Each structure stands twice: as C-alpha cells, then as structure tokens.
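# Remarks on the overall topology
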Amino acid sequence: MMDINEVQEYLPHRYPFLLVDRVIELNLGESIVAIKNVTGNENHFNGHFPGLPIMPGVLIIEAMAQAAGILGFKTLDKKPADGSIYMFAGVDNARFKRQVVPGDQLILKAQYVSDKKGLWKFNCQAFVDDVLACSATILCIDRKK
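Residues numbered from 1 in each chain as written. Predicted model: local features only at pLDDT ≥ 70, side-chain atom pairs only at ≥ 80, totals over all residues. Heavy atoms only, no water.

### Concerning the overall build of the protein
Looking only at helices and strands, one finds 2 helices and 6 strands in the protein. Along the protein, helices and strands appear, N-terminal first, in the series α-β-β-α-β-β-β-β. A globule of 145 residues ought to have a C-alpha radius of gyration of about 15 Å, and the protein, at 14 Å, matches this closely. With respect to the principal axes defined by its C-alpha atoms, the protein has extents near 45 × 30 × 25 Å. Taking all 145 residues of the protein together, the buried fraction comes to 46%. Carbon and sulfur atoms make up 51% of the accessible area of the protein, which amounts to about 7500 Å² in all. Across the protein, the mean location of the 16 positive side-chain charges is 7 Å away from that of the 16 negative side-chain charges. (Helix = DSSP H or I, 4+ residues; strand = E, 2+ residues; numbered from the N terminus. Rg over C-alpha atoms; globule rule 2.2 N^0.38 Å. Buried < 20%, exposed > 50% of the residue type's maximum accessible area, 1.4 Å probe, protein only. Areas by Shrake-Rupley, 256 points an atom, 1.4 Å probe, with all protein chains shown as cover. Lys, Arg positive; Asp, Glu negative; His and termini not counted. Charge placed at Lys NZ, Arg CZ, Asp CG, Glu CD.)

Structure below.
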C-alpha cells in the first residue's frame, strides 16, 4: 500500500530512526498494518547486547508509534510538509512477550481508539511470525512544527 518513499512523506524520521519500512494495509480512521525489517547492521545491536543482539523494547514501542502516526496523518490528510507533526505523547500498558532479533520482520498493527483535542489514542501490537512480541496503548498529539 505504501513503499518506503511514501512512508517518508508521512513521517519526519530518517535513518537511523525511521522504523517503518512499508505499509501493507490501511483503513483510514480505523487501523494500519506496517512492516519493520530488523537487520543486524542497525547500530543499537552493537551494544544491546554484544553477542546476543536484541532490539530494545523502547524502539519496538517507537516503531508502533510511527505506524500509528502514519494512520493519524493519513486519516487527517496531512503531512509533515504541511507544517504538522505527530509527537509521541505517552504509552500505557506496555508488555513485552518475545525478543526481537536480527532477521525478524516486525508486523506493526495500530487500531484507532479515540481523539480528543488533538490527542490521539491507539491500541498497538508488534508481531513476529504471528507471535505477539509487544503490545501497548500509545498516545500521539498533532502539533504545528
């Protein structure tokens, strides 16, 4: 549905902090399914952990938040180029169920829950091979750049 070039139109992040590679399903105002390919050449694996590379949980949450941000931007028909930016405003009920390692493909899912005064709430999950790796409720806020 969205390749990396279009993803970059909707997220202001760039390497090494762009954590969405592709969007494979998008239902405006409802849900998104995106992909993050986890590769061994990502810098965080040098120190997390030497000899046992594990993707930091905070980056898994950030990847889910980026997918949710795309859903919000697309739903409102806005882009960062329009002077709008979705900022991470909070995370609740984060749970980690499986380690994520190089070679994994994270399937990021976000479902719209609500929005009040520019504060958007999403239920998010990250899966590897149909196994839940992480879940959280993520809050994003729409702000002017």
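### Here we look at the pairing of strand β1 (residues 22–27)
Across 5 bridges, the pairing between β1 and strand β2 (residues 31–37) is antiparallel. Directly across from L26, in β2, lies its bridge partner I32. Connecting β1 to the antiparallel partner β2 that follows it, the hairpin turn spans 3 residues, and G29 within it adopts a positive phi of roughly 75 degrees. (Pairing = 2+ DSSP bridges.)

### Notes on the sheet that holds β1
With respect to topology, 6 strands assemble into an open sheet ordered β1-β2-β4-β5-β6-β3, the strand pairing being antiparallel. Strands with a single pairing partner mark the edges of an open sheet, and in this sheet they are β1 and β3 (84–96). Sheet twist, expressed as the mean angle between neighbouring strand axes with direction ignored, is 25 degrees. Two elements, β2 and strand β4 (residues 105–116), share 7 bridges in a ladder whose sense is antiparallel. (Axes fitted to C-alpha atoms, helices over the stretch in contact; angles between N-to-C directions.)

### A closer look at the pattern of salt bridges
Tallied over the entire structure, the rule returns 5 salt bridges. Residue K79 pairs with E9 through a salt bridge whose shortest N-O separation is 2.7 Å. Taken together, the positions of K79 in the loop between α2 (57–76) and β3 and E9 in helix α1 (residues 4–10) put the pair 70 residues apart, joining distant regions of the chain. When its relative accessible area of 26% is taken as the criterion, K79 is described as partly exposed. Among the residues examined, E9 registers a relative accessible area of 37% and is labelled partly exposed. (Salt bridge = Lys/Arg side-chain N within 4 Å of Asp/Glu carboxyl O.)

### Let's talk about the UniProt feature "active site" (unreviewed entry) in the protein
UniProt's entry tags H48 with the feature "active site" (unreviewed entry), counted in the numbering of this structure. With respect to the helices and strands, H48 occurs in the loop between β2 and α2. Excluding residues within four positions of it along the chain, H48 makes contact with P53, I54, M55 and P56. (UniProt positions renumbered as here; feature names shortened; annotations may be inferred. Contact = heavy atoms within 4.5 Å.)

### Digging into the packing of aromatic side chains
Geometry of an aromatic ring pair is reported as the spacing of the ring centres plus the angle between the planes. Taken as a whole and judged by the stated rule, the model has 4 aromatic pairs. With 5.5 Å between their ring centres and 65 degrees between their planes, Y112 and W120 make a pair best called edge-to-face. Owing to a relative accessible area of 27%, Y112 belongs among the partly exposed residues under this scheme. You can call W120 buried: its relative accessible area is 6%. A network of ring pairs unites the aromatic residues F73, Y86, Y112, W120 and F122 as a single cluster. Here the guanidinium or amino end of K109 rests over the ring plane of F127, the centre of that ring lying 4.9 Å away. (Phe/Tyr/Trp six-rings, centres within 6.5 Å; stacked < 30°, edge-to-face > 60°. Lys NZ or Arg CZ within 6 Å of the ring centre and 35° of its normal.)

### Observations concerning the pairing of β4
Pairing of β4 with strand β5 (residues 119–128) involves 9 bridges; the strand directions are antiparallel. Looking across to β5, one finds that A110 is bridged to C124. What sits between β4 and β5 in their antiparallel hairpin is a turn of 2 residues, with K117 showing a positive phi close to 55 degrees.

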